[in-house]
Amino acid sequence: MLPPFDLSQPQSLADALQALAGKGDTRPLAGATNLVPDLRGKRETCRDFVSLDGVNELRYIKRDGDRVTLGARTTMADILDDSGIRTDAPALYAAAEIFAGRMVRTAATIGGNVCCGSPSADTVPALLTVDAEVTLSSVSGQRTVALDEFYIDYKKSVLRSDELLTSVSWNVPPQNSANLFYKLARRKGDAITVTGVAVMIAAEDGVCTRARIALGSVAPTVFRASAAEDLLAGKALDEAIIEQAARAAADQCAPIDDIRASADYRLQTAFSLTRRLLTQAWKQVS
Amino acid sequence: MSNEKVVTVTVNGSTVKLATPAHRTLLEALRHEGFVEIKCGCEKGDCGACAVLLDGEPVDSCLTLAWHADGREVTTIKGIGQPGNADPLQKAFIETGAAQCGYCTPGMIIAARSLLKDNPDPSLADVKRGLSGNLCRCTGYTRIFEAVQLAARELRGEGEAA
Ligand SMILES: Cc1cc2nc3c(=O)[nH]c(=O)nc-3n(C[C@H](O)[C@H](O)[C@H](O)COP(=O)(O)OP(=O)(O)OC[C@H]3O[C@@H](n4cnc5c(N)ncnc54)[C@H](O)[C@@H]3O)c2cc1C
Ligand code: FES
Ligand code: FES
C-alpha cells in the first residue's frame, strides 16, 4: 500500500502550473516510476501531487532547423520510437535503449529523469554532451537554463517549487562528430548505473573542434569533466592526450561506496571508460 | 485527503468501474476486482510480474496509479489468449516447458508480446534485453528465451506447423 496522498489531474499546462502556484509542498508527478517506489519505501514525504499524465501538450518531439526539443512528458519509449533521435542525439538514444526494462520505459519521462536529480539518471550525461538546455515554466513566466547549470548538489537543482520543467532542447551535433554513451552496471538491462560516461567529439581537418565529457554516478550530481574537455579542444588526439584527459576526468570525480560498487572501482572505471569512449569517438571522426 | 473517485477501465473488452483513492495502484485496484491473473511481486518495478498492456503498451501495473488508467484499455494475460484460442506465445511457453510455478509467466508473455511487435525476428541478445524487466525464480530463463524465439518463428510463418 502507498501512503495516502492527494492528486490533481489537470488536462492542460496552464492548469498544471496553476495547481503548483503558491503551494510550496505540492509536487509534479509524471510517469511515477521514481515516485511510486519512493512513496512505498518512505523516502518520499510529499503528499500532494499534480499529475502531468493528462498534460498531452508536454508530450512531443519537435524539430526546427538544427534545434530539437522534447516536451517533458516524452517517454523513453517515445525517444526510441522516434526515427530521428538516433542521429540527433546518439548518446541519448543509447541511454534510452539501455534504460530500465520495457515496461518502465513506457512510463518513464525525460522530465522526471532530469528532475529526479539522481546522479545515476542515465539521460543526463548524454544530454550534457549536446549542451542541452531546459525550459522551466511557472505562472509568472519561463526561463531557459543550461542543463550544466541546473544541478546544485545531490538531488538539488535550481528548479523552484512552483515551476515545471517543460522542455529539453539542443542543437543536432555537427557533421563530423561522434556522440557515445556507456553504462556500466551489474548487468546489461534494467540495472542502476555504477559508472556512466558520455562523450561528444567533433573534428575538422584532423583537429578536435569540440569535446564534451559527462560522467554519471561518480559524484553527487552528474557533471561535465571540463578540465578534460579543455585538454582536448583544438588538438589532434592521440593515445597520450586521451590518457591525460581521462585522468583529468577521473580527478574531477567524488564517488561514494555503496552496495553496487566501491568508490575506488568507480574511480578506476571512470578513467578507463572515458579513455575507451574518447578513443572510439576519435576513431570515428578521424 | 485522497477522495475516492470512480475510474472506468476497459479490461479485456469489458467495462469495469473502480472506486479508488489516488494512492491505489492499478495492480491493487484490479486484483481487488478479481483480476488475479495479474501477479503481484516486488511492487517496485523490478520483477515485471504485474505487467499489463495499457492502451496496447506494456506497463508495470504496480507503478501505475489506478486514476491514470481512467478511460483507457487494459489487457491482461487472459485478454491475450484463452485455452482453446491461445496466443502463439502461450502455446510456445507450453510446448517448451517455459513455465514452472508460472508466477512470472503472465508478465513474461506481456513483455515478450511487445518485443515481438517491435522486432519480429529478435536475436537471443534481443530477447534477453526485451525481457530484462521480468524476473523468474524458477526456470533459469533458457526455456523462456526458447519459447519467445519459437513463437517468433511461428508468427513469421516459419513454424513447423505452418
Ligand atoms: C525498475 C526501474 C528501473 C529503472 N531504471 C532506470 C535506468 O536504467 N536509468 C535511469 O536513469 N532511471 C531508471 N529508473 C528511474 C526512473 O524510471 C527514471 O528516473 C524516470 O525517468 C523518472 O521519470 P518519471 O516520469 O517516472 O518521474 P516521476 O517518478 O513521476 O518523478 C520523478 C521526480 O521528478 C519530478 N518531476 C517529474 N516531472 C517533472 C517536470 N516536468 N517538472 C518538474 N519536476 C518533475 C517529480 O516531482 C519527482 O520528484 C528506474 C526505475 C525503476 C522503477
Ligand atoms: S510487482 Fe510490479 S514489477 Fe514487480
Ligand atoms: S516460472 Fe516460477 S517465477 Fe518463473
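Throughout what follows, the structure given in this document is the object of discussion. (Residues numbered from 1 in each chain as written. Chains lettered and ligands numbered in written order. Predicted model: local features only at pLDDT ≥ 70, side-chain atom pairs only at ≥ 80, totals over all residues. Heavy atoms only, no water.)

**What to know about the pairing of strand 1 (residues 5–11) of chain B**
All names here are of chain B. Counted only if it meets this: DSSP bridges decide pairing: two strands pair if at least two such bridges lie between them. A run of DSSP states H or I qualifies as a helix once it reaches four residues; a run of E qualifies as a strand once it reaches two. Both are numbered from the N-terminal end.
The pairing of strand 1 with strand 2 (residues 14–20) spans seven bridges and is classified as antiparallel. By the bridge assignment, V6 is partnered in strand 2 with A19. Count of turn residues in the strand 1/strand 2 antiparallel hairpin: two residues, of which N12 carries a positive phi of about 50°. Inspection of the sheet shows strand 1 paired to strand 5 (residues 73–75) by two bridges, in the parallel sense. Within strand 5, the residue paired with T10 across the bridge is E73.

**Quick look at the interface of chain A and chain B**
Note the threshold: What makes two residues a contact is simply this: any of their non-hydrogen atoms within 4.5 Å. Once two parts are brought into contact, the accessible area they lose, counted with a 1.4 Å probe and summed over both, makes up the buried area. Salt bridge, as used here, is a side-chain nitrogen of Lys or Arg placed within 4 Å of a carboxyl oxygen of Asp or Glu. Any pair of N or O atoms that falls within 3.5 Å is considered a polar contact. Within protein, one atom must be able to donate a hydrogen and the other to accept it, and sequence-neighbouring residues count only if both atoms are side-chain atoms.
Between chain A and chain B, the residue contacts involve 29 residues of the former and 33 residues of the latter. Of the roughly 2600 Å² buried where chain A meets chain B, counting both sides, 57% is carbon and sulfur surface. Looking only at chain A, the three residues that lose the most surface to chain B are A:R40, A:R102 and A:M103, adding up to 26% of its buried area. Between the two partners, chain A and chain B, sit four salt bridges. The partner of A:R40 in a salt bridge is B:E43, with the nearest N and O atoms 3.4 Å apart. Applying the counting criterion to the chain A and chain B interface returns seven residue pairs in polar contact (both at pLDDT 80 or more). For the side of chain A that touches chain B, the elements supplying multiple residues, two or more each, are strand 1 (6–8), helix 2 (35–40) and helix 6 (102–107) of chain A.

**Focus: the packing of helix 10 (residues 239–251) of chain A against helix 11 (residues 263–285) of chain A**
Residue and element names in this part refer to chain A. Put simply, the test is: With axes taken as lines fitted to C-alpha atoms, and helix axes fitted only over the stretch in contact, angles between N-to-C directions fall between 0 and 180 degrees. Angles are sorted into four bins: roughly parallel if under 35 degrees, roughly antiparallel if over 145, roughly perpendicular if 65 to 115, and oblique for all others. By the definition used in this description, the sense in which the near helix is turned from the far one sets the handedness, with an anticlockwise turn below a right angle giving left-handed and a clockwise turn giving right-handed. Asp, Glu, Lys and Arg are counted as charged, while Ala, Val, Leu, Ile, Met, Phe, Trp, Tyr, Cys and Pro are counted as nonpolar; the rest, among them Gly, fall into the polar class.
The geometry of helix 10 relative to helix 11 is characterised by a closest axis approach of 8 Å and an angle of 140° between their N-to-C directions. One finds that helix 10 runs oblique with respect to helix 11. Read as a crossing pair, helix 10 and helix 11 show a hand that is right-handed. Between helix 10 and helix 11, the residues in contact are I242, E243, A245, A246, R247, A249 and A250 and L267, F271, T274, R275, L278, T279 and W282, respectively. Within the contact of helix 10 with helix 11, the residues separate by chemical class into nine nonpolar, two polar and three charged.

**Structural notes on the sheet that holds strand 1 of chain A**
Sheets are built from strands paired through backbone hydrogen bonds, the pairs being either parallel or antiparallel. Residue and element names in this part refer to chain A. Here we have three strands laid out as an open sheet, ordered 1-3-2, and parallel in their pairing. In this open sheet, the two edge strands, each paired with only one partner strand, are strand 1 and strand 2 (27–29). This sheet shows a mean twist of 35° between the axes of neighbouring strands, independent of strand direction. Pairing geometry for strand 2 and strand 3 (residues 48–51), over three bridges, is parallel. The residue of strand 3 that forms the bridge with L29 is S51. Strands strand 1, strand 2 and strand 3 of the sheet are contacted by helix 1 (residues 13–20), whose axis makes an angle of about 170° with strand 3.

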